[in-house]
Amino acid sequence: MKKLIIAIDGPSGAGKSTLSKRLAAALGYVNIDTGAMYRAVALMAGRQQIPLDDAEALARLCHTMKLEFRRDAQAETEAVLVNGEDVSLAIRAPEVSLQTSKVAACPAVRKELVCLQQRLGQGGGVVLEGRDIGTVVFPQAEVKFFLTASAAERGRRRWAELQARGVDVDLPQTIAEVEARDVADSNRLHAPLKRAADAINIDSDGQSIEEVLALMQRGVQCALGGKGQLS
Ligand code: DC
């Protein structure tokens with residue numbers, strides 16, 4: 001069967017990570033979390049005290065750091081490794097999230113990471129999640145989804161996720177942070193968050209993961225020439 005390139009774009013907290021992993025597992029595809037790549041660069045820039053406006057030094061960092069994903073299919077986990085170190089938890093720290101928005105606005109960083117993403121995905125059989133997959137990284141992707149949810153819902157999900165991890169944060173503040181990140185990601189000059197004209201729009205407000213997953217699987221069936229139709 002044909003191995004597709006599937007793009008899932010959308011704002012933070014819309015459920016991209018969960019759905020991308022679930023869809024990839026259901027299809028036997030590889031899941032590529034491109035946000036984790038930008039996060040890893042931000043983490044390493046912080047550790048090496050590289051100013052986030054030093055594009056040349058950031059590009060050098062991208063070039064020299066060894067970025068890998070290690071999948072454990074049985075445990076259904078995916079670790080992000082930088083130079084052999086597991087940084088999966090460190091890249092999710094709130095301060096790294098803030099720095100990542102700045103790093104992701106740097107064209108030199110985007111150029112390096114887009115090349116890497118294209119190399120990883122070019123053979124097909126992949127689900128890539130990010131902000132610019134359907135518009136920049138793989139405009140020729142056979143299936144594109146644009147996953148959204150209201151800022152209030154996305155903030156509430158993010159808040160619940162942090163609470164579950166023992167991080168005590170304020171709900172209104174979390175919603176405000178989600179909104180601020182949307183503004184930064186949508187208004188940056190280079191590769192802003194934008195729906196591809198041919199992407200299937202899915203609003204996950206009030207829908208369970210299973211319901212959204214079923215919609216996506218029908219979208220994939222359509223692309224494979226099956227009978228699935230999106231209503
Ligand atoms: O999806 P995430 O929250 O892990 O993404 C972290 C940051 O990286 C966020 O500010 C958006 C940015 N990003 C991007 O600019 N392009 C991508 N393809 C993926 C993420």
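Here is what the cut-offs are and how they apply
- Residues numbered from 1 in each chain as written.
- Predicted model: local features only at pLDDT ≥ 70, side-chain atom pairs only at ≥ 80, totals over all residues.
- Heavy atoms only, no water.
- Near = heavy atom within 4 Å.
- Areas by Shrake-Rupley, 256 points an atom, 1.4 Å probe, with all protein chains shown as cover.
- 1 Å grid on protein atoms, 1.4 Å probe; cavity = no way out; pocket = protein on both sides within 12 Å on 5 of 7 lines; lining within 4 Å.
- Sits in = over half its atoms within 2 Å of the grid points.
- Helix = DSSP H or I, 4+ residues; strand = E, 2+ residues; numbered from the N terminus.
- Nonpolar A, V, L, I, M, F, W, Y, C, P; charged D, E, K, R; others polar.
- Expected span 1.5 Å × (residues − 1).
- Buried < 20%, exposed > 50% of the residue type's maximum accessible area, 1.4 Å probe, protein only.
- Arc of directions from axis to C-beta.
- Contact = heavy atoms within 4.5 Å.
- Core = buried A, V, L, I, M, F, W, Y, C linked by side-chain atoms within 4.5 Å.
- Pairing = 2+ DSSP bridges.
- Disulfide = S-S within 2.5 Å.
- Points joined across faces, edges and corners; volume = space filled by probe spheres on them.

Caption draft 1: Molecular detail of the site of the ligand. Not every one of the 15 residues close to the ligand is listed here, only the nearest: Arg-39, Arg-110, Arg-131, Asp-132 and Arg-188. About the coverage of the ligand: the protein hides 96% of its 450 Å² of free accessible area. Judged by the proximity of its atoms to the pocket grid, the ligand belongs to the largest pocket. Put simply, the parts of the chain that give the shell around the ligand at least two residues each are helix 2 (34-47), helix 4 (94-104) and helix 8 (171-187). The element best represented in the shell around the ligand is helix 2, accounting for four residues. In terms of residue class, the shell around the ligand is built from two nonpolar, five polar and eight charged.

Caption draft 2: Layout of helix 7 (residues 151-164). With 14 residues, helix 7 extends 20 Å between its outermost C-alpha atoms, agreeing within 8% with the 20 Å of an ideal straight helix rising 1.5 Å per residue. Where helix 7 is concerned, the buried positions are Ala-151, Arg-154, Gly-155, Arg-158 and Leu-162. Axial view of helix 7: buried residues confined to an arc of 100°, hence all on one face. Structurally, helix 7 contributes buried residues whose contacts are with helix 4 and helix 8. Residue Gly-166 follows helix 7 closely and has a positive phi angle near 85°.

Caption draft 3: Spatial organisation of the nonpolar core. Val-41, Met-65, Leu-67 and Val-109 are the most contacted members of the largest nonpolar core, which totals 39 residues. Of the residues forming this core, the biggest block, nine residues, is contributed by helix 2. By size, the runner-up hydrophobic cluster in this structure holds 18 residues, among which are Leu-19, Tyr-29, Val-212 and Met-216.

Caption draft 4: Structural context of the pairing of strand 1 (residues 5-9). The buried fraction of strand 1 amounts to five of the five residues, a majority that puts the element mostly inside the structure. Here strand 1 shows two buried faces, one formed by Ile-5, Ala-7 and Asp-9 and the other by Ile-6 and Ile-8. In the sheet, strand 1 pairs with strand 6 (residues 126-130) via five bridges, with the strands oriented parallel. In the strand pairing of strand 6, Ala-7 is matched with Leu-128.

Caption draft 5: Seen up close, the state of the cysteines. Evaluation of the coordinates by the stated rule reveals zero disulfides. Among the cysteines around Cys-62, which has no disulfide bond, Cys-106 carries the closest sulfur, lying 7.6 Å off. In this structure Cys-62 comes out as buried when scored by relative accessible area, which is 11%.

Caption draft 6: Geometry of the environment of Arg-92. Mapped onto the elements of the fold, Arg-92 is located in the loop between strand 5 (85-86) and helix 4. The class of Arg-92 is partly exposed, set by a relative accessible area of 25%. Put simply, Arg-92 and Leu-43 are 49 residues apart on the chain and 9.5 Å apart in space, counted from C-alpha to C-alpha. Residue contacts for Arg-92: discarding those within four places in its chain leaves Asp-33, Ala-36, Arg-39, Ser-97, Arg-158 and Arg-165.

Caption draft 7: Up close: the layout of surface pockets. Put simply, the largest pocket is a space of about 1,100 Å³. Within the residue set of the lining of the largest pocket, elements represented by two or more residues are helix 1 (16-27), helix 2, strand 4 (77-82), helix 4, strand 6, helix 7, helix 8 and helix 9 (209-223). Of the residues forming the lining of the largest pocket, the biggest block, six residues, is contributed by helix 1. Along the lines of polarity and charge, the residues of the lining of the largest pocket split into eight nonpolar, 16 polar and 20 charged.

By themselves, these observations are geometric and do not establish any function.
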